[in-house]
Amino acid sequence: MAKTELSVRPLHDRILVRRMAEEEKTAGGLFIPDTAKEKPQKGEIVATGKGRVTEDGKILPLEVKAGDKVLFSKYAGTELKLEGAEYLMMREEDILGVFQ
């Protein structure tokens, strides 16, 4: 996938995620219509902030980085449309796990 420069950079412990496409068929081979599909809870991190700022001003770096494939909570983040593509801006704490 080509790396693109976006006009926005997340601040602090926020990350920008592009949703990954979900399966079009069930395990039994049935096609899922668009009206019945849920939005995917998997995505790829496109950009990250510098880290969480503590009360005493120290910056704790994030555990995730651009390019990581992640699983996030169902209602996580804020949906954004940037340069014709859809993204989610969320905090690192909304990430449930990183795919290996």
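Residues numbered from 1 in each chain as written. Predicted model: local features only at pLDDT ≥ 70, side-chain atom pairs only at ≥ 80, totals over all residues. Heavy atoms only, no water.

Per an unreviewed UniProt entry, the protein chain is named Co-chaperonin GroES, and its organism is Bdellovibrio reynosensis. Under the heading Sequence similarities (unreviewed entry), UniProt records this for the protein chain: "Belongs to the GroES chaperonin family." What the UniProt record of the protein chain gives under Subcellular location (unreviewed entry) is the line "Cytoplasm". (UniProt positions renumbered as here; feature names shortened; annotations may be inferred.)

Colleague: So what's going on with the overall build of the protein chain? Which residues, and what values?
Modeller: For the protein chain, the count of helices and strands is zero helices and eight strands. For the protein chain, the residues scored as buried account for 28% of the 100 residues in total. Counted over contacts in the protein chain with a minimum sequence separation of 6, partners at least 24 positions apart contribute 61%. Roughly 7400 Å² of accessible area belongs to the protein chain as shown, and the carbon and sulfur atoms make up 53% of that amount. (Helix = DSSP H or I, 4+ residues; strand = E, 2+ residues; numbered from the N terminus. Buried < 20%, exposed > 50% of the residue type's maximum accessible area, 1.4 Å probe, protein only. Contact = heavy atoms within 4.5 Å. Areas by Shrake-Rupley, 256 points an atom, 1.4 Å probe, with all protein chains shown as cover.)

Colleague: Tell me about the pairing of strand β1 (residues 14–19), residues and numbers included.
Modeller: Bridging between β1 and strand β7 (residues 85–91) involves four bridges; their strand directions are antiparallel. Across the sheet, the residue bridging to Leu16 is Met89, located in β7. Note: β1 against strand β2 (residues 42–48), five bridges, orientation antiparallel. Each residue of the ladder has a partner; that of Ile15, found in β2, is Thr48. (Pairing = 2+ DSSP bridges.)

Colleague: Lay out the pattern of salt bridges with the relevant residues and their values.
Modeller: With the rule as written, the count across this model stands at seven salt bridges. One salt bridge connects Arg52 with Glu93, and the closest N-O pair in it is separated by 3.4 Å. You can see Arg52 sitting in strand β3 (residues 52–53) and its partner Glu93 sitting in the loop between β7 and β8 (95–98), a full 41 residues away along the chain. In this structure Glu93 comes out as exposed when scored by relative accessible area, which is 55%. (Salt bridge = Lys/Arg side-chain N within 4 Å of Asp/Glu carboxyl O.)

Colleague: Describe in detail the sheet that holds β8, supporting the description with residues and values.
Modeller: The antiparallel open sheet is built from six strands, whose spatial order is β6-β7-β1-β2-β5-β8. If you trace the sheet from one side to the other, it starts and ends with β6 (78–82) and β8, each paired once. Strand after strand, the sheet turns through a mean of 45° between neighbouring axes, direction not considered. Here three bridges tie β2 to strand β5 (residues 69–72), and the two strands are oriented antiparallel to one another. Bridged to Lys42 within β5 is Leu71. (Axes fitted to C-alpha atoms, helices over the stretch in contact; angles between N-to-C directions.)

Colleague: Residue-level account of a nonpolar patch on the surface, with values.
Modeller: Together, Leu71, Leu96 and Phe99 make up an exposed nonpolar region whose accessible area comes to about 280 Å². Look at Leu71 and you get partly exposed, because its relative accessible area is 34%. (Patch = residues over 30% accessible without salt bridge, like charges linked within 9 Å, V, L, I, M, F, W, Y side chains within 5 Å.)

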